[in-house]
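This is what each chain is made of:
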Amino acid sequence: MDDAASFGPVTPIVPAEDVDRSLAFYVEILGFEEVFRSGTPTNYAGLRRGLATIHLFACTEPNIAAWTAFRVSTDRIDSLYEHCQEAGIVHPNGSLGPRPWGTRDFTVLDPAGVCMTFWERESGARVTPRT
């Protein structure tokens, strides 16, 4: 493996049964900014909030969305959780809580059923890098 290579932020490509509906969800509820959209009707789109980017693609196969999940690091997780609870998008089994790997996280469901977990490192938690 090339030891000189470094990686940057990751952009998940997320299935959306209705890309326009998913765009509205990410923009209006989660505060993402639409960066681009393609097709009529929309079949591909990009979003950004801070350093997080997401691409959406048109996908009518519900099992793909149901098996798609990704994690987004954040700060101020308590206020974000409260906002998501008020919006009614917190996964039924995804309440905010501490995890054994040193984070606090919670999970939301987008309109297609994709699970997105927001996480924040617990204070004082350390992750030991692999060597």
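Enquirer: Describe the packing of aromatic side chains, naming the residues involved and giving the relevant values.
Expert: Each aromatic ring pair is described using two quantities: the centre-to-centre distance and the angle formed by the ring planes. Considering all chains together, one arrives at five aromatic pairs under this definition. Ring centres of Phe-25 and Tyr-26 lie 5.1 Å apart, and the angle between their planes is 90°; this geometry places the pair in the edge-to-face category. Here the two residues Phe-25 and Tyr-26 agree in accessibility, since each one is buried. Each residue in the set Phe-25, Tyr-26 and Phe-32 is aromatic and connected to the rest through ring pairs, giving one cluster.

Enquirer: Explain helix α1 (residues 19-29) to me, and be specific about the residues and the numbers.
Expert: Taken together, the buried positions of α1 are Val-19, Ser-22, Leu-23, Phe-25 and Tyr-26. An end-on view of α1 places all buried positions within 160° of arc, on one side of the element. Looking at α1, the residues exposed on the side facing more than 90 degrees away from the buried face are Arg-21 and Glu-28. Structurally, the start of α1 carries an N-cap: the backbone nitrogen of Asp-20 is 3.1 Å from a side-chain oxygen of Asp-18. Gly-31, located one to two residues past α1, shows a positive phi value of around 75°.

Enquirer: Summarise helix α3 (residues 77-87); cite the residues concerned and give the values.
Expert: Taken as a whole, α3 has its buried residues at Ile-77, Leu-80, Tyr-81 and Cys-84. Buried residues of α3, seen end-on, are gathered within an arc of 100° and therefore sit on one face of the element. Buried positions along α3 lie against β7 (103-109) and β8 (115-121).

Enquirer: A description of the sheet that holds strand β2 (residues 33-38) should follow, citing residues and the corresponding values.
Expert: Here four strands make up an open sheet; going across it, the order is β1-β4-β3-β2 and the pairing mixed. Where the open sheet ends on each side, the last strands, each with one partner, are β1 (13-16) and β2. Strand-to-strand, the axes of this sheet are offset by a mean angle of 25°, without reference to chain direction. Seen against the sheet, α1 touches β1, β2, β3 (44-49) and β4 (52-58) and runs at an angle of roughly 160° to β4.

Enquirer: Could you give an account of the side chain of Thr-42, with specific residues and numbers?
Expert: Summarising the element assignment, Thr-42 is placed in the loop between β2 and β3. Note on Thr-42: relative accessible area 10%, which makes it buried. Side chain to side chain, Thr-42 and Arg-37 meet in a polar contact 3.5 Å long. When neighbours within four sequence positions are excluded, Thr-42 is seen to be in contact with Val-19, Asp-20, Leu-23 and Arg-37.

Enquirer: A description of the environment of Asn-93 should follow, citing residues and the corresponding values.
Expert: In this fold, Asn-93 is placed in the loop between α3 and β6 (97-98). Residue classification places Asn-93 among the exposed residues on the basis of a relative accessible area of 71%. Taking the C-alpha atoms as reference points, Asn-93 and Val-72, 21 residues apart in sequence, are found 18 Å from one another.

Enquirer: An account of the nonpolar core is needed here, citing residue identities and associated values.
Expert: Core analysis: the largest hydrophobic core is formed by 27 residues, its most contacted members being Tyr-26, Leu-30, Ile-54, Leu-56, Phe-106 and Met-116. Among all residues touching Ile-54, those that are not within four sequence positions of it are Thr-11, Pro-12, Val-14, Tyr-26, Phe-32, Ala-45, Gly-46, Leu-47, Phe-70 and Met-116.

Reading guide: rules and limits
Residues numbered from 1 in each chain as written. Predicted model: local features only at pLDDT ≥ 70, side-chain atom pairs only at ≥ 80, totals over all residues. Heavy atoms only, no water. Phe/Tyr/Trp six-rings, centres within 6.5 Å; stacked < 30°, edge-to-face > 60°. Buried < 20%, exposed > 50% of the residue type's maximum accessible area, 1.4 Å probe, protein only. Helix = DSSP H or I, 4+ residues; strand = E, 2+ residues; numbered from the N terminus. Arc of directions from axis to C-beta. Polar contact = N/O pair within 3.5 Å; in protein donor to acceptor, adjacent residues only side chain to side chain. Contact = heavy atoms within 4.5 Å. Pairing = 2+ DSSP bridges. Axes fitted to C-alpha atoms, helices over the stretch in contact; angles between N-to-C directions. Core = buried A, V, L, I, M, F, W, Y, C linked by side-chain atoms within 4.5 Å.

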